[in-house]
Amino acid sequence: MGERVKLLLVDDESFLCEQICANIAWESFGIELIGYCDNAMDALEQMIDEMPDILITDIRMPVMSGLELIARAKQMNPALQCVILSGYAEFTLAQAAIEQGVKNYLLKPFSKAELEDTLQKCCGQIQKSRSEKRMELQERTEMVSRLFQEIKSLKETNEKIQPEQLQAVMLSYPDLIMLREAMVLFFTYEDDGSGAVKRWIPEFYHAEGDILRTASEALNAVSSKRETESEPVRKIKSYAQQHFMEESLNLQFIADQIVHLGVKYVGRCFIKETGVKFSEYLLEIRMEKAKQMLKTRDARIEEIAEQVGLGHDVPYFYQLFKRYTGMTPKEYRKFQV
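Since we're looking at a predicted model, the values are computed, not measured.

Would you mind showing me how to read the sheet that holds strand 1 (residues 5-10) here?
The strands making up a sheet associate through hydrogen bonds between their backbones, and the pairing can be parallel or antiparallel. The parallel open sheet is built from five strands, whose spatial order is 2-1-3-4-5. Edge positions in the sheet fall to strand 2 (31-37) and strand 5 (104-107), since each has one partner strand and no second. Each adjacent strand pair in this sheet contributes to an overall mean axis angle of 15°, direction not counted. Of the pairings in the sheet, the one linking strand 4 (residues 81-86) to strand 5 comprises four bridges and is parallel in character. Pairing of S86 across the sheet is with L107, part of strand 5. Helix 1 (residues 14-23) contacts strand 1, strand 2 and strand 4 of the sheet and is inclined by roughly 170° relative to strand 2.

I tried to follow helix 3 (residues 40-49) on my own but got confused; where do I start?
Helical geometry note: an α-helix holds 3.6 residues per turn, so side chains three or four residues apart project in the same direction. Taking burial as the measure, the 10 residues of helix 3 include seven buried ones, the bulk of the element. Every buried residue of helix 3 is listed here: A40, M41, A43, L44, M47, I48 and D49.

In this structure, what is going on with unusual backbone geometry? I would like to understand it.
For residues that are not glycine, phi is negative in most cases, and the peptide bond is trans in most cases. At the junction of K108 and P109, the peptide bond is cis and its omega measures out at -5° in the coordinates. With respect to the element layout, P109 can be found in the loop between strand 5 and helix 6 (112-157). In the Ramachandran plot, V63 falls in the positive-phi region, its phi being about 70° despite a non-glycine side chain. Following the sequence through the fold, V63 ends up in the loop between strand 3 (54-58) and helix 4 (66-76).

Explain the pattern of salt bridges to me, please; I cannot follow it from the model alone.
Side chains bearing opposite charge may pair, as long as their charged atoms lie close to each other. All chains considered together, the criterion is met by 19 salt bridges. A salt bridge links E13 to K108; the shortest N-O distance between them is 3.1 Å. Note that E13 is positioned in the loop between strand 1 and helix 1 and K108 in the loop between strand 5 and helix 6, a separation of 95 residues in sequence. Residue classification places E13 among the partly exposed positions, given a relative accessible area of 39%. In this structure, E302 engages R300 in a salt bridge whose closest nitrogen and oxygen atoms are separated by 3.4 Å.

Could you clarify how one ought to interpret the layout of surface pockets in this entry?
Space inside the second largest pocket adds up to approximately 230 Å³. Looking at the lining of the second largest pocket, the elements that each hand over two or more residues are helix 3 and helix 13 (263-274). With six residues, the single largest contributor to the lining of the second largest pocket is helix 13. Looking at the lining of the second largest pocket residue by residue, the class counts come to five nonpolar, two polar and six charged.

Any chance you could explain the packing of helix 7 (residues 163-170) against helix 10 (residues 211-221) here in plain terms?
A pair of packed helices is captured by two measures, namely the crossing angle of their axes and the spacing between those axes. Where helix 7 meets helix 10, the closest approach of the two axes is 8 Å, and the angle between their N-to-C directions is 115°. Handedness of the helix 7/helix 10 crossing: right-handed. Contacts between helix 7 and helix 10 involve P163, L166, Q167 and M170 from the first element and L212, R213, A215, S216 and L219 from the second. In the contact of helix 7 with helix 10, the residues fall into six nonpolar, two polar and one charged.

So what exactly am I meant to see when it comes to the nonpolar core here?
In this structure, M47, L69, F278 and F317 are the most contacted members of the largest nonpolar core, which totals 61 residues. Looking at this core, the element that brings in the most residues is helix 14 (residues 278-294), giving nine residues. Among residues more than four places away in sequence, those in contact with F317 are M287, A290, I301, I304, A305, V308, L310 and P329. Ranked by size, the runner-up nonpolar core spans 27 residues in total, among them I161, V184, F187 and A215.

What's the story with the pairing of strand 1 in this structure? I'm lost.
Most of strand 1 is tucked away, with six of its six residues classed as buried. Here strand 1 shows a buried face lined by V5, L7 and L9 and a second buried face lined by K6, L8 and V10. Sheet topology note: the strand 1/strand 2 ladder contains six bridges and is parallel. Bridge pairing in strand 2 places V10 opposite C37. With four bridges joining them, strand 1 and strand 3 adopt parallel strand pairing. The residue bridging L8 from the neighbouring strand is L55, located in strand 3.

Which parts of the structure should I look at to understand a negative patch on the surface?
On the surface, a cluster of negative charge is made up of E132, E136, E139 and E142. Since its relative accessible area comes to 56%, E136 is described here as exposed.

Explanation requested: the environment of K152 in the structure shown.
Structurally, K152 can be placed in helix 6. For K152 and E18, which are 134 residues apart along the polypeptide, the C-alpha to C-alpha distance reads 56 Å.

Cut-offs applied
- Residues numbered from 1 in each chain as written.
- Predicted model: local features only at pLDDT ≥ 70, side-chain atom pairs only at ≥ 80, totals over all residues.
- Heavy atoms only, no water.
- Pairing = 2+ DSSP bridges.
- Helix = DSSP H or I, 4+ residues; strand = E, 2+ residues; numbered from the N terminus.
- Axes fitted to C-alpha atoms, helices over the stretch in contact; angles between N-to-C directions.
- Contact = heavy atoms within 4.5 Å.
- Buried < 20%, exposed > 50% of the residue type's maximum accessible area, 1.4 Å probe, protein only.
- Salt bridge = Lys/Arg side-chain N within 4 Å of Asp/Glu carboxyl O.
- 1 Å grid on protein atoms, 1.4 Å probe; cavity = no way out; pocket = protein on both sides within 12 Å on 5 of 7 lines; lining within 4 Å.
- Points joined across faces, edges and corners; volume = space filled by probe spheres on them.
- Nonpolar A, V, L, I, M, F, W, Y, C, P; charged D, E, K, R; others polar.
- Left-handed = near helix turned anticlockwise from the far one by under 90°.
- Core = buried A, V, L, I, M, F, W, Y, C linked by side-chain atoms within 4.5 Å.
- Patch = residues over 30% accessible without salt bridge, like charges linked within 9 Å, V, L, I, M, F, W, Y side chains within 5 Å.
- Areas by Shrake-Rupley, 256 points an atom, 1.4 Å probe, with all protein chains shown as cover.
- Lys, Arg positive; Asp, Glu negative; His and termini not counted.
- Charge placed at Lys NZ, Arg CZ, Asp CG, Glu CD.

And the structure:
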């Protein structure tokens, strides 16, 4: 069996959620129900830690509507399959969502067969997309691995490597991003334990200049002895500290694009080493930054919400800030001036 499809259910009608959860044979669809929430805020917090492939949400909920939830969730995962639950009174809203790209909706009351048919369509689309991505990823992974071996051989046969030598190697590869990925592999498997990993890997992820020159300098600075230090949690924390202002930041993205490990594995590692979930760690960064900004009268609440990664959603920011500090932003500011 292939990778399971993860589904999150959001509806403030707890009875309906319980009925859906109990009456669908999730295993037969290859679906893992990762949870259900009775409000959009809890759903967003859960998505920061574990991103679903399918989101089923009621269209009308307090504080934040299903349409707003979908918009935020789509920022985190553009490929997310969304299913809207609506009553006759919200049919116009459901139509508007469909015009914005939401392909599935169920009009309450809906039957078990209607829900299962919708789930089947969503799963089919997800599996098709995954198959295409697997083929692309496999081909690219093989190319990066081959490039790594060429770089390793170049290092072993040259006392000093020039950018021109790397440029000649790269003529067989489609883009310089592959050089960055191959260099990360090189440091992972060949570093001498001198601390060069901390020195050079950030250079490749943030360098805007000549990557060929950066790679040659890095190769000339290290020997070929492997370092045993594992750094997934450090990378996660570092990335969160530098990118907390990005509204779509989530652990799935960091696991896939930065750490290159499974999200469940890195999530467990993060909790084990820090004592908190990634969403709690990210919330702390954002709220501490907000507290700093609230100490001045110059920053408006709307600006603060946006600059700590919560977009223009001031009510959502108020809810999170009060949960974190016990005070509203305005109350907190009064104590600081």
